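Coordinates in review
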Amino acid sequence: MSPSIKVLTAALLISLLLPRALSAYEPPAAPASRPFRYDTDTFSFANETVWNYVNGAVQSESSRPQTQKRDYTRRCFVVSRAAVQFWKFARFDPKAAPLPHDQLAERIRDVTERSVWLPTLSRHERVVFPGYASLREISAADPGLFQANIGLGWPVYFRAGNMPIVAPVYRETEAHLNDEIFHDLQLNYPTLVWLYNFPSLNINHVVVVISGKRDHGRFHYQVYDPNYTNAPKKLDYDAATRTFSYQPTFYFKGGTVNARAVYRGVFQ
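A brief report on the enclosed structure follows. None of these values were measured; they are calculated from a predicted model.

Tallying secondary structure elements over the protein chain gives seven helices and ten strands in all. Here the protein chain, with 268 residues, has 45% of them falling under the buried criterion. Long-range contacts, defined here as pairs at least 24 residues apart, represent 68% of the contacts in the protein chain between residues at least 6 apart. Accessible surface, the protein chain as shown: approximately 14,400 Å² in total, 57% of it carbon and sulfur.

So, on to the sheet that holds strand 5 (residues 191-197). If you trace the six strands once around the closed barrel, you get 5-6-7-8-9-10, paired in antiparallel fashion. Each adjacent strand pair in this sheet contributes to an overall mean axis angle of 45 degrees, direction not counted. In the sheet, strand 5 pairs with strand 10 (residues 255-261) via four bridges, with the strands oriented antiparallel. Among the inter-strand pairings, Val 193 is bridged to a residue of strand 10, identified as Ala 261. The strands that helix 3 (residues 76-89) touches are strand 5, strand 6 (200-215) and strand 7 (218-224); relative to strand 6, the one it contacts most, it runs at about 25 degrees. The strands touched by helix 7 (residues 171-186) are strand 5, strand 6, strand 7, strand 8 (233-238), strand 9 (243-246) and strand 10; relative to strand 6, the strand with the most contacts, the crossing angle is about 45 degrees.

Now for unusual backbone geometry. Put simply, Phe 198 and Pro 199 share a cis peptide bond, and its omega is 10 degrees. One non-glycine residue, Arg 242, adopts positive backbone phi at about 55 degrees. Along the polypeptide, Arg 242 turns up in the loop between strand 8 and strand 9.

With that settled, the discussion passes to the pattern of salt bridges. In total, this model carries six salt bridges according to the counting rule given. Measuring nitrogen to oxygen at the nearest pair gives 2.8 Å for the salt bridge that ties Asp 39 to Arg 37. We classify Arg 37 as partly exposed; its relative accessible area is 42%. Between Arg 218 and Asp 238 there is a salt bridge, with the nearest N and O atoms lying 3.1 Å from each other. Taken together, the residues span a long stretch of sequence, with Arg 218 in strand 7 and Asp 238 in strand 8 at a distance of 20 residues. Judged by relative accessible area, Asp 238 falls into the buried class, the value being 19%.

Time to look at the environment of Asn 149. Its place among the elements puts Asn 149 in helix 6 (residues 143-149). Put simply, Asn 149 and Val 111 are 38 residues apart on the chain and 9.9 Å apart in space, counted from C-alpha to C-alpha. Setting aside residues up to four positions removed in sequence, Asn 149 forms contacts with Ala 105, Ile 108, Arg 109 and Thr 112.

Relative to the helices and strands, Val 156 is located in the loop between helix 6 and helix 7. Spatially, the C-alpha atom of Val 156 lies 9.6 Å from that of Cys 76, the residues being 80 residues apart in sequence. When neighbours within four sequence positions are excluded, Val 156 is seen to be in contact with Phe 77, Val 78, Asn 162 and Tyr 263.

Of all hydrophobic cores here, the largest spans 46 residues; its most connected members are Phe 43, Phe 86, Phe 129, Phe 146, Ile 150 and Tyr 224. In terms of residue count, the dominant contributor to this core is helix 3 (ten residues). If sequence neighbours within four positions are ignored, Phe 129 has contacts with Phe 86, Ala 90, Arg 91, Phe 92, Asp 93, Leu 104, Arg 107, Ile 108, Val 111 and Ile 138. Core analysis: the second largest hydrophobic core is formed by 23 residues, Ile 181, Leu 185, Val 223 and Tyr 237 among them.

Topologically, Thr 191 is positioned in strand 5. Among all residues touching Thr 191, those that are not within four sequence positions of it are Ile 181, Asp 184, Val 207, Val 208, Val 209, Ala 261 and Arg 264.

Turning next to the pairing of strand 6. Here seven bridges tie strand 5 to strand 6, and the two strands are oriented antiparallel to one another. Looking across to strand 6, one finds that Leu 192 is bridged to Val 208. Counting the residues that bridge the hairpin from strand 5 to strand 6 gives two residues. The pairing of strand 6 with strand 7 spans seven bridges and is antiparallel. Its bridge partner lying in strand 7, Val 209 is registered against Val 223. Where strand 6 hands over to strand 7, the hairpin turn is made up of two residues, of which His 216 adopts a positive phi near 60 degrees.

Here we take up the packing of aromatic side chains. Summed over all chains, the structure comprises 19 aromatic pairs. Ring geometry for Phe 86 and Phe 129: centres 5.4 Å apart, planes at 45 degrees, overall tilted. Here Phe 86, found in helix 3, pairs with Phe 129, found in strand 4 (residues 127-130); they are 43 residues apart in sequence, far enough to count as distant. On the basis of relative accessible area, Phe 129 is assigned to the buried category, the value being 0%. Pairing Phe 219 with Tyr 221 gives two aromatic rings, centres 6.3 Å apart and planes at 15 degrees, and the pair type is stacked. Accessibility expressed as a relative area gives 8% for Phe 219, which makes it buried.

Cut-offs used in this document
Residues numbered from 1 in each chain as written. Predicted model: local features only at pLDDT ≥ 70, side-chain atom pairs only at ≥ 80, totals over all residues. Heavy atoms only, no water. Helix = DSSP H or I, 4+ residues; strand = E, 2+ residues; numbered from the N terminus. Buried < 20%, exposed > 50% of the residue type's maximum accessible area, 1.4 Å probe, protein only. Contact = heavy atoms within 4.5 Å. Areas by Shrake-Rupley, 256 points an atom, 1.4 Å probe, with all protein chains shown as cover. Pairing = 2+ DSSP bridges. Axes fitted to C-alpha atoms, helices over the stretch in contact; angles between N-to-C directions. Salt bridge = Lys/Arg side-chain N within 4 Å of Asp/Glu carboxyl O. Core = buried A, V, L, I, M, F, W, Y, C linked by side-chain atoms within 4.5 Å. Phe/Tyr/Trp six-rings, centres within 6.5 Å; stacked < 30°, edge-to-face > 60°.

All we've got here are geometric facts, nothing functional implied.
Have a look at this one:
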């Protein structure tokens, strides 16, 4: 086979297989043993924004109190992903003695270096964290140790799954995603969702959809927003317009967003 034929064949295969890989969805084979819980399965610390936001708008640094320092930024993908990794691959044993720092760091990496799209582990297969009852509790005891070991922020910019941001978002695609999110929640599975409005940069963020309810033609979801530690935030879906909308936050004025599931495979 000539080099030109090989190149054309490879290009054809990529054009045929890549869209399928980017949109692949494998529904859970069986219900998870328990749902994702905001009060126990989230981190005690928040991802911080590089810019100084007030009511969804960037403000000058001089308006930020000098006591507020941004030490942990650009990690919304990392924190959201890690929370689901701990929900899937870890368990906690509050009756046992806590681990020394070096061993705890090793176990944190053992959890977060596993691909988040892998199947949920059974209880006896999970990485054990003794001395604490939950991720929220153990991360509060030593936030810096978790921040240093759950993953770096810069590799996220080079994810293969970032490529679809330049592709159009179709209403049918959003309808399918809503069906998938709601279906998985019935089986106790959260969904990692990327919210953006590219080419606008008014939002570019990842959250974890953890619960939801249907009210006729509207779906109301609660999400773990890694920029907050106090309570879940709200993501809605309107079946009539087939659009998602996110509530106002300190970094987003609120309104319609494009939504895309992430971390479902190598190309997502």
